[in-house]
Amino acid sequence: MDIQLNIKRVLSEKTGLREFILEVPPEGMGDYAFPCFSLAKLRKQSPSIIATALAQEVGKIAGVSQIKAVGPYVNFFVDTTLLLTYTLNSILTAKEDYGTHPKTGKKVVSEYLSPNTNKPLHLGHLRNVSLGYSISRLCEALGHKVVQVNLMNDRGIHICKSMVAYKHFGNNKAPDIKSDHFVGNYYVLFNEKSKTHPELEEEAQQMLIAWEKGEKEIVDLWRKMNSWAEEGFMQTIRRLGIEFRKHYYESKFYFKGKKVVFEGLKQGLFEKDETGAVLVKLEQFGLPNKVLLRSDGTSVYMTQDIYLAILKHKEWKYDESLYVVASEQNMHFQQLFKILEIIKFPRAESLHHISYGMVLLPEGKMKSREGNVVDADELIDDMISLAQHEIMIRWKDITHEELMERARIIGIGALKFHLLKTDPLKDMVFDPKESISFDGETGPYVQYAHARAASILRKIGRTNGKKMVASLSKLHAPEEVAVAKLLAIYPDKVTAAAMQYKPSIIAHYLIELTHAFSSFYHECPVLDVGDEELRLARIALVMCVKQVQKNGLALLGIEAPEVM
Ligand code: ARG
């Protein structure tokens with residue numbers, strides 16, 4: 001019997017709410033809590049008054065022994081044996097699908113990474129791709145079909161700057177370092193040289209015009225340098241296990257954005273200002289007006305995005321479109337979505353900017369122009385060596401191959417987990433040393449517990465599934481119940497994380513589950529326990545924890561190692 005579902009049915013009947021999340025109250029205060037805050041907002045009443053009234057109204061619920069209002073919450077005490085057997089059974093049956101919703105038929109396009117092709121990826125991109133990948137997986141867990149795409153901002157003045165520097169100082173050399181770094185070095189060089197040679201700026205402008213005209217020599221150079229940049233980016237994200245269904249190239253469609261702008265001008269939706277630039281008035285919507293085409297007819301960043309939204313819809317017929325882009329571009333996306341509404345783009349209501357804050361290293365702010373950014377490749381390498389070090393302290397007798405494979409899984413796991421455990425909207429400090437610790441609130445901590453569960457199960461070998469299920473009612477110890485209750489709310493956590501676009505909810509949940517699992521592990525022996533039924537029941541519990549840890553880590557894009 002699904003007690004949670006019983007509770008939710010009655011609550012939804014009494015409150016009229018369709019989607020809500022139950023919480024787990026503090027020890028001794030019940031098994032589930034329904035927070036009345038959103039209802040209080042709707043009804044303009046105090047949450048504790050609502051809680052008191054609701055606790056009386058709900059009446060009897062199957063599987064629930066007591067219902068009590070506690071401040072702004074309605075708390076439910078449930079029959080723990082029922083809860084436990086139902087939850088563990090569901091996990092053992094659903095396995096990797098536990099926590100996911102049935103297919104909805106909805107399609108979501110999820111865009112992330114989206115680099116400029118003039119310099120290598122940095123720490124901010126690592127937060128971006130960790131979030132983008134995880135949010136895509138979370139949307140899949142909601143039952144949607146997700147298409148992950150990337151946009152290459154591969155044209156414009158910044159690209160021409162690297163090209164100008166290469167033309168003057170590159171001697172036609174092929175890359176002798178990772179190719180995106182090679183390109184990036186010329187961007188840095190341009191910025192250095194242009195301080196004393198301001199005419200280089202003018203040359204870059206001229207080059208952009210020549211590029212737009214399609215001058216062969218310039219286009220050839222551009223193609224060469226862009227392929228270097230792209231090749232390097234792909235090497236980096238492949239290490240992180242990320243692959244895109246499609247790459248969009250700004251160079252291939254930016255001019256189509258111009259057409260859409262002219263069309264809007266004809267329809268009177270946009271206007272020309274005294275300089276001849278086309279702009280859209282957004283003041284009445286509380287946003288600054290926006291230039292869509294400069295007076296010389298060249299397009300801006302916004303121009304390409306207007307067309308890209310239309311193009312993605314043409315190609316994927318999406319129901320929803322996500323853009324994972326740093327918070328510096330909040331205004332850009334507010335304006336973009338408003339402009340699309342003005343031109344009556346049919347999906348204007350279904351576009352979401354998933355914004356995220358800055359990442360700093362403990363030493364201080366990362367700087368761009370000067371070239372001393374926190375480089376993504378270097379950081380990935382550092383994480384892997386830190387992991388290697390941790391592994392070598394603990395395990396002396398593993399092969400070099402094993403060491404390298406584990407270091408990769410742990411190093412990258414630590415990186416992603418740390419970047420994801422902070423609320424996306426908050427700025428954060430990425431501390432490599434802290435993130436790798438095996439006993440902090442880290443990826444390796446969860447991975448280690450998963451490997452420990454795997455090792456217990458290896459020692460046990462094959463078990464009889466039917467007997468195992470039949471023995472579940474043997475679990476009574478508070479540590480066992482605590483674990484089972486957490487396992488029971490996992491599906492709600494997935495829903496909450498997906499709807500709010502917050503992988504941090506899953507990361508925190510995994511920490512909590514792992515804490516509870518450690519207490520269980522210390523208090524309740526699994527291997528040497530006299531009672532055979534209890535032994536089987538505990539094995540089932542370990543299997544379920546391992547499964548949920550694996551499912552949760554997968555939603556964060558993190559591998560769950562069998563050994564560590
Ligand atoms: N390339 C841009 C940048 O690095 C981000 C692009 C985001 N995506 C978009 N559709 N505008 O700032």
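Scroll up to find the structure.
Quick caveat, the model's predicted, so the values are computed rather than measured.

Asker: I'm lost on the overall build of the chain in this one. Help?
Answerer: Each helix and strand in the chain was counted, giving 20 helices and 13 strands. Once the C-alpha set of the chain is aligned to its principal axes, its extents read approximately 85 × 65 × 40 Å. Relative to its full complement of 564 residues, the chain shows a buried share of 55%. When the accessible area of the chain is evaluated, it comes to approximately 25700 Å², of which 52% is carbon and sulfur surface. Here the chain holds 72 positive side-chain charges and 70 negative ones, and the gap between their average locations is 4 Å.

Asker: Would you explain the site of the ligand in this entry?
Answerer: Residues in contact with the ligand, as listed here, are Glu 111, Ser 114, Pro 115, Asn 116, Leu 151, Asn 153, Tyr 301, Asp 305, Tyr 323, Val 325, Gln 329 and Phe 333. In the environment of the ligand, a nitrogen atom lies 2.6 Å from a nitrogen or oxygen atom belonging to the side chain of Asp 305. Taking Gln 329, its side chain carries an N or O atom lying 2.8 Å from an oxygen atom of the ligand. Expressed as a share of its isolated accessible area of 340 Å², the protein-covered part of the ligand is 87%. At a threshold of 2 Å from the grid points, most atoms of the ligand map onto the largest pocket. When contributions to the shell around the ligand are tallied by element, the ones reaching two or more residues are helix H11 (301-316) and strand S10 (320-326). Looking at side-chain class alone, the shell around the ligand contains six nonpolar, four polar and two charged residues.

Asker: Which parts of the structure should I look at to understand the pattern of salt bridges?
Answerer: A pair can form between side chains of opposite charge whenever their charged atoms are brought close. Across all of its chains, the model carries 27 salt bridges by this definition. Notably, a salt bridge pairs Glu 271 with Lys 281, separated by 3.4 Å at the nearest N-O pair. Of this pair, Glu 271 sits in strand S7 (residues 271-272) while Lys 281 is found in the loop between strand S8 (278-280) and strand S9 (290-293), placing the two residues ten residues apart along the sequence. Assessed through its relative accessible area of 34%, Lys 281 is described here as partly exposed. Residue Glu 559 pairs with Arg 408 through a salt bridge whose shortest N-O separation is 3.1 Å. Taken as a pair, Glu 559 in the segment after helix H20 (532-555) and Arg 408 in helix H14 (residues 400-421) lie far apart in primary sequence, 151 residues in all.

Asker: Would you take a moment to explain empty space enclosed by the protein for this structure?
Answerer: Following the criterion strictly, the structure yields one cavity of 30 Å³ or more and no others. The space that makes up the largest cavity amounts to roughly 30 Å³. Those elements that provide at least two residues to the lining of the largest cavity are helix H6 (157-169) and helix H9 (216-239). Broken down by element, the lining of the largest cavity gets its largest block of residues, three residues, from H6. Along the lines of polarity and charge, the residues of the lining of the largest cavity split into four nonpolar, three polar and no charged.

Asker: Sorry, what's going on with a positive patch on the surface here?
Answerer: A cluster of basic residues, Lys 256, Lys 259, Lys 314 and Lys 317, forms a positive patch at the surface. Here Lys 259 shows up in helix H10 (residues 250-266).

Asker: Help me understand the layout of surface pockets, please; the structure alone is not making it clear to me.
Answerer: Over the atoms rolls a probe the size of a water molecule, and in doing so it shows where empty space is left. Here the largest pocket defines a volume of roughly 1300 Å³. Lining the largest pocket are 50 residues, and of these Asn 116, Lys 119, His 158, Tyr 301 and Gln 329 lie nearest its centre. Taken as a whole, the second largest pocket spans an internal volume of roughly 620 Å³. As for the second largest pocket, its lining consists of 26 residues, and the residues nearest its centre are Asp 2, Gln 4, Lys 8, Pro 491 and Asp 492. Elements with a contribution of two residues or more to the lining of the second largest pocket: helix H1 (3-15), helix H4 (80-94) and helix H18 (478-500). No other element matches the six residues that H1 contributes to the lining of the second largest pocket. Classifying every residue of the lining of the second largest pocket gives eleven nonpolar, eight polar and seven charged.

Asker: What am I meant to see in the side chain of Thr 442 here?
Answerer: Within the secondary structure, Thr 442 sits in the loop between helix H15 (432-436) and helix H16 (443-460). Classification of Thr 442 as buried rests on a relative accessible area of 2%. When neighbours within four sequence positions are excluded, Thr 442 is seen to be in contact with Phe 417, Glu 434, Ser 435, Ser 437 and Ile 511.

Asker: Can you walk me through the side chain of His 125 in this structure?
Answerer: Considering the arrangement of structural elements, one finds His 125 in helix H5 (residues 123-141). Setting aside anything within four residues of it in sequence, one finds His 125 in contact with Leu 113 and Pro 115.

Asker: Honestly, the nonpolar core in this entry has me stumped. Any pointers?
Answerer: Nonpolar side chains tend toward joint burial in soluble globular proteins. Counting 135 residues, the largest nonpolar core has Ile 7, Phe 34, Phe 430 and Leu 487 as its most contacted members. Leaving out residues up to four positions away in the same chain, Leu 487 has contacts with Thr 87, Leu 88, Ile 91, Tyr 98, Tyr 509, Leu 513, Leu 541, Cys 544, Val 545 and Val 548. Counting residues in each nonpolar core, the second largest holds 35 residues, with Val 280, Leu 293, Val 325 and Leu 340 among its members.

Asker: Explain the sheet that holds strand S2 (residues 64-70) here, please?
Answerer: In a beta sheet, neighbouring strands are held together by backbone hydrogen bonds and run either parallel or antiparallel to one another. What the three strands build is an open sheet, ordered S1-S3-S2; its pairing is antiparallel. Where the open sheet ends on each side, the last strands, each with one partner, are strand S1 (32-35) and S2. Taking each pair of neighbouring strands and ignoring which way they run, the sheet shows an average axis angle of 20 degrees. When S1 meets strand S3 (residues 73-78), the two strands line up antiparallel, connected through four bridges. By the bridge assignment for S3, Tyr 32 is matched with Phe 76.

Asker: Explain the packing of aromatic side chains to me, please; I cannot follow it from the model alone.
Answerer: When we look at a pair of aromatic rings, we describe it by the centre distance and by the angle of the planes. Taken as a whole, this structure holds 20 aromatic pairs when the rule is applied. With 5.2 Å between their ring centres and 90 degrees between their planes, Tyr 166 and Tyr 186 make a pair best called edge-to-face. Taken together, the positions of Tyr 166 in helix H6 and Tyr 186 in helix H7 (residues 179-196) put the pair 20 residues apart, joining distant regions of the chain. The class for Tyr 186 is buried, based on a relative accessible area of 8%. Summarising the aromatic geometry, the rings of Tyr 323 and Phe 337 are spaced 5.8 Å apart at their centres and angled 45 degrees between planes, so their arrangement reads as tilted. Here Tyr 323 is found in strand S10, whereas its partner Phe 337 is found in helix H12 (residues 330-342), with 14 residues between them in sequence. When its relative accessible area of 1% is taken as the criterion, Tyr 323 is described as buried.

About the thresholds
- Residues numbered from 1 in each chain as written.
- Predicted model: local features only at pLDDT ≥ 70, side-chain atom pairs only at ≥ 80, totals over all residues.
- Heavy atoms only, no water.
- Helix = DSSP H or I, 4+ residues; strand = E, 2+ residues; numbered from the N terminus.
- Buried < 20%, exposed > 50% of the residue type's maximum accessible area, 1.4 Å probe, protein only.
- Areas by Shrake-Rupley, 256 points an atom, 1.4 Å probe, with all protein chains shown as cover.
- Lys, Arg positive; Asp, Glu negative; His and termini not counted.
- Charge placed at Lys NZ, Arg CZ, Asp CG, Glu CD.
- Near = heavy atom within 4 Å.
- Polar contact = N/O pair within 3.5 Å; in protein donor to acceptor, adjacent residues only side chain to side chain.
- 1 Å grid on protein atoms, 1.4 Å probe; cavity = no way out; pocket = protein on both sides within 12 Å on 5 of 7 lines; lining within 4 Å.
- Sits in = over half its atoms within 2 Å of the grid points.
- Nonpolar A, V, L, I, M, F, W, Y, C, P; charged D, E, K, R; others polar.
- Salt bridge = Lys/Arg side-chain N within 4 Å of Asp/Glu carboxyl O.
- Points joined across faces, edges and corners; volume = space filled by probe spheres on them.
- Patch = residues over 30% accessible without salt bridge, like charges linked within 9 Å, V, L, I, M, F, W, Y side chains within 5 Å.
- Contact = heavy atoms within 4.5 Å.
- Core = buried A, V, L, I, M, F, W, Y, C linked by side-chain atoms within 4.5 Å.
- Pairing = 2+ DSSP bridges.
- Axes fitted to C-alpha atoms, helices over the stretch in contact; angles between N-to-C directions.
- Phe/Tyr/Trp six-rings, centres within 6.5 Å; stacked < 30°, edge-to-face > 60°.

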